[in-house]
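Reading the structure
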Amino acid sequence: MAEQTRFRLNESDIPQSWYNINADTPVPPAPVLHPQTMEPVTPDFLSVLFPMDLILQEVSTERYIEIPEEVREIYKLYRPTPLFRARRLEKALKTPAHIYYKYEGASPVGSHKPNTAIPQAFYNKISGTKALTTETGAGQWGSALSLACCFFDMDLEVYMVRVSYDQKPYRRIMMETYGAQVFASPTDRTQFGRSLLAEDPENPGSLGIAISEAVEVAATSGGSKKYSLGSVLNHVLMHQSVIGEESLKQMDLAGEYPDVVIGCVGGGSNFAGIAYPFLRENLRNGQRTRLLAVEPSATPSLTKGIYAFDYGDTARIAPIVKMHTLGHDFVPPPIHAGGLRYHGMAPSICSLYDAGYIQAVAVSQLETFQAAVDFAKSEGIIPAPESAHAIRAAIDEALEAKAREEKRVILFNLSGHGNFDLTAYQAYLSGKLVDYTYPDVEIKRSMQNLPKVELPV
Ligand SMILES: Cc1ncc(COP(=O)(O)O)c(C=O)c1O
């Protein structure tokens, strides 16, 4: 029989519900705290930023939440996404391992981000929101929310980290094509942005700063604008569960079950999206799949960050959550995986990692780009630098299986393509990229600025 490479599902296989890990997690995440009072946040506080449907999803412990028909209709533009067996990569590596990847770069904007941008725009639309604000690092999230706001006829302001705004004009043009307004952050549109520019007019910006600006604009809009976040929050991770639910069916079509499931982690949403449905199978149905989160050694929040309460943003106006953090004043090193430069991590991933249900590894920039190029040469797709972290780990797993002469079934999430990231590839190919490991002394320094939280026992 001919060897199958691509495992396709039908439109009718698009999941009917999102899966909520909070129904099954053995380690419930700590409460989310108000940034000033440090008391658990109330729905009133959150409702300044988010519509009630999303707040209810954020705290829900229902196992499944139905995907609205309007959202499924739009998902049909690109879902179910394909799952591939990387036969050519297996051959190139001469490994007995079977390598599979789920390709989220098949969405119109080239990443997994629309899986949550579409429902977030939808729930805002039906609650009467006229405009959204958000931040974007490399531009993938901003592009996805621009598309979603365009489909639901809402205005969008995107605060884009200044270095990316300057270096990645094509992502900005994409957002503008969908009708969004894009500003280089820090801007003079917010009090926080103005205070930073007064100190340093050349401030290159960071994701933490851009979040602060987008939150400030929504919080001071008198209710006319809401804020939308592309990762970290429970409801965002839950929307991404369509990736894992489809993968379960596709692995079934392939007649195999993964020994290890791998995803890169920035705020944690694409990793949780592919991994949590497999974790459910571990917790409820006796499977034993390893779940491996991969981060850059330049922003090692899981592997080196401290597990503590910290602010979600630099200006300390976003809620405080318990997470592995490098400190909210973290200044990201100039690595090319812009989407992985956040100082923290989704609280549910942190609690599961802390309790040993999830593993994590940090990989360096050069070995990551080497893996990206090897992958492109055998599988054809040029991966996003973020996704290349997952490829690095998948290749390492395959090489380890080869050394041990064991068959291993590896599944990783290819969260996006890198067609807009070619300057990064150019830098790599011309030998200009360098490795960077975040210094321990910087982490120690930032830890002195963590909020002093005392929870009642
Ligand atoms: C292609 C791609 N993969 C991964 C990420 C990391 O985000 P998350 O950890 O939420 O999936 C990003 C973020 O911008 C991205 O653009």
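Scope of this entry: the structure provided in the associated data block. (Residues numbered from 1 in each chain as written. Predicted model: local features only at pLDDT ≥ 70, side-chain atom pairs only at ≥ 80, totals over all residues. Heavy atoms only, no water.)

**A look at the site of the ligand**
Among the 18 residues in the neighbourhood of the ligand, the closest are listed as Ser231, Gly266, Gly268, Ser269 and Ser415. Separating an oxygen atom of the ligand from a side-chain N or O atom of His112 is a distance of 3.0 Å. Gly268 is positioned such that a nitrogen or oxygen atom in its backbone is 2.8 Å from an oxygen atom of the ligand. Burial of the ligand by the protein amounts to 96% of the accessible area it has alone, namely 390 Å². Among the secondary structure elements, those contributing two or more residues to the shell around the ligand are helix H13 (269-285) and helix H17 (385-403). (Near = heavy atom within 4 Å. Polar contact = N/O pair within 3.5 Å; in protein donor to acceptor, adjacent residues only side chain to side chain. Areas by Shrake-Rupley, 256 points an atom, 1.4 Å probe, with all protein chains shown as cover. Helix = DSSP H or I, 4+ residues; strand = E, 2+ residues; numbered from the N terminus.)

**Here's the deal with the nonpolar core**
Judged by nonpolar contacts, the single largest core of 55 residues is most densely connected at Tyr227, Tyr276 and Ile349. If we skip the residues at most four places from it in the chain, Ile349 touches Leu237, Gly268, Phe271, Ala272, Tyr276, Leu302 and Ile358. Of all hydrophobic cores here, the second largest spans 33 residues; its members include Tyr78, Phe122, Ala144 and Met175. (Core = buried A, V, L, I, M, F, W, Y, C linked by side-chain atoms within 4.5 Å. Buried < 20%, exposed > 50% of the residue type's maximum accessible area, 1.4 Å probe, protein only. Contact = heavy atoms within 4.5 Å.)

**Points about the pattern of salt bridges**
Counted under the stated rule, the structure contains 25 salt bridges. A salt bridge links Arg72 to Glu69; its shortest N-O distance comes to 3.9 Å. Placement of both Arg72 and Glu69 in helix H3 (residues 69-75) is noted, with a separation of 3 residues, approximately one turn of the helix. Relative accessible area serves as the criterion here: at 9%, Arg72 is assigned to the buried category. For Glu69, a relative accessible area of 44% puts it in the partly exposed group. Among the ionic pairs, Arg445 bridges to Glu442, the shortest N-O distance being 3.1 Å. Placement of both Arg445 and Glu442 in helix H19 (residues 440-447) is noted, with a separation of 3 residues, approximately one turn of the helix. (Salt bridge = Lys/Arg side-chain N within 4 Å of Asp/Glu carboxyl O.)

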